[in-house]
Structures are given as C-alpha cells and as structure tokens.
Amino acid sequence: MSEQQSKPIICPVCGKKAKTGSAIDCARHMFGTGDKPHRKWVDEHVKDQGESFIDLLIEQATTPGNRSYVLLAECIEKAVKEA
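The structure presented is a predicted model; accordingly, all values stated were derived computationally and were not measured. (Residues numbered from 1 in each chain as written. Predicted model: local features only at pLDDT ≥ 70, side-chain atom pairs only at ≥ 80, totals over all residues. Heavy atoms only, no water.)

*Asks:* Hey, could you run me through helix H4 (residues 67–82) in this one?
*Replies:* Since the α-helix advances by 3.6 residues per turn, residues separated by three or four positions end up pointing in the same direction. With 16 residues, H4 extends 23 Å from end C-alpha to end C-alpha; this agrees with the ideal 22 Å at 1.5 Å per step. Those residues of H4 not exposed but buried are Ser 68, Tyr 69, Leu 71, Leu 72, Ala 73, Cys 75, Ile 76, Glu 77 and Ala 79. Along its buried surface, H4 packs onto helix H1 (23–33), helix H2 (36–46) and helix H3 (53–62). (Helix = DSSP H or I, 4+ residues; strand = E, 2+ residues; numbered from the N terminus. Expected span 1.5 Å × (residues − 1). Buried < 20%, exposed > 50% of the residue type's maximum accessible area, 1.4 Å probe, protein only. Contact = heavy atoms within 4.5 Å.)

*Asks:* Hey, could you run me through the packing of H3 against H4 in this one?
*Replies:* To characterise two packed helices, one gives the angle between the axes of the helices and the distance between these axes. Packing of H3 against H4 brings their axes to within 8 Å, and their N-to-C directions diverge by 140 degrees. Here H4 runs oblique to H3, going by the angle between their axes. The residues of H4 that touch H3, namely those facing Leu 56, Glu 59 and Gln 60, are Arg 67, Ser 68, Tyr 69 and Leu 71. Class assignment for the residues of the contact of H3 with H4 results in three nonpolar, two polar and two charged. (Axes fitted to C-alpha atoms, helices over the stretch in contact; angles between N-to-C directions. Parallel < 35°, antiparallel > 145°, perpendicular 65-115°, else oblique. Nonpolar A, V, L, I, M, F, W, Y, C, P; charged D, E, K, R; others polar.)

*Asks:* Is there a simple way to explain the pattern of salt bridges in this structure?
*Replies:* It is possible for side chains of opposite charge to pair when their charged atoms get near one another. One pass over the structure, following the stated rule, counts three salt bridges. In this structure, the salt-bridge partner of Arg 28 is Asp 25, at a minimum N-O distance of 3.0 Å. Of the two residues, Arg 28 and Asp 25 both sit in helix H1, three residues apart, roughly one turn of that helix. The partly exposed category is assigned to Arg 28, whose relative accessible area is 37%. In the salt-bridge network here, residues are joined through shared partners; they are Glu 51, Glu 59 and Arg 67. (Salt bridge = Lys/Arg side-chain N within 4 Å of Asp/Glu carboxyl O.)

*Asks:* What should I look at first to understand the packing of H1 against H2 in this one?
*Replies:* Between H1 and H2, the shortest axis-to-axis distance is 8 Å and the interhelical angle comes to 125 degrees. Of the possible angle classes, the one that applies to H1 and H2 is oblique. Judged by the twist between their axes, the crossing of H1 over H2 is left-handed. On the side of H1, the interface is formed by His 29, Met 30 and Thr 33, while H2 contributes His 38, Trp 41 and Val 42. Counted by class, the contact of H1 with H2 contains three nonpolar, three polar and no charged residues. (Left-handed = near helix turned anticlockwise from the far one by under 90°.)

*Asks:* Would you explain the layout of surface pockets in this entry?
*Replies:* Over the atoms rolls a probe the size of a water molecule, and in doing so it shows where empty space is left. Of the pockets and cavities examined, the largest pocket occupies roughly 150 Å³. Lining the largest pocket, in full, are Glu 44, His 45, Asp 48, Gln 49, Glu 74, Cys 75, Lys 78, Ala 79 and Glu 82. Mapped onto the lining of the largest pocket, the elements with two or more residues apiece are H2 and H4. With five residues, the top contributor of residues to the lining of the largest pocket is H4. Of the residues that constitute the lining of the largest pocket, the class distribution is two nonpolar, two polar and five charged. (1 Å grid on protein atoms, 1.4 Å probe; cavity = no way out; pocket = protein on both sides within 12 Å on 5 of 7 lines; lining within 4 Å. Points joined across faces, edges and corners; volume = space filled by probe spheres on them.)

Below you can see the structure in the form of structure tokens.
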C-alpha cells in the first residue's frame, strides 16, 4: 500500500469516508457494507486477479493476515487516482 494519502479516501461506491480515511478502512467498509452495489464494484475491480467479493471475504475470515484488505485497498487507491 502507498504512503499516507494527502486527502482521505472516499468510497468509490457510496461516497462515504471510512473511519480514518485510509484505503484499508475503505476496504473494511466495503466488506462490512456488503450490499449489491459494493459487491459489484469489488467484483469488477478484482476479477483481473482471479478473485471475487465472496472469495476475498471468505479468505479474510478464514486465513490469518490481511491479504484481502490489502488487495482491495490497492484497487481502491488505483480507482481513486484514475477518477
């Protein structure tokens, strides 16, 4: 993940700022919300890595570490930079 962001990361789906405004917290927000628009966004942005929202959620719940959060946070940062 990149260094500290100059401005907070805003959820690319609903426009909400996660607790600290970091990409990791935004990823947690997206997993925690888990509604259809958030799942669709995640699926569209992680399919290049051969993953899906459900794959990442299951991995996060069953595997030590934060690989799912980190992967999604990187996708969020990339989307924010491109926007």
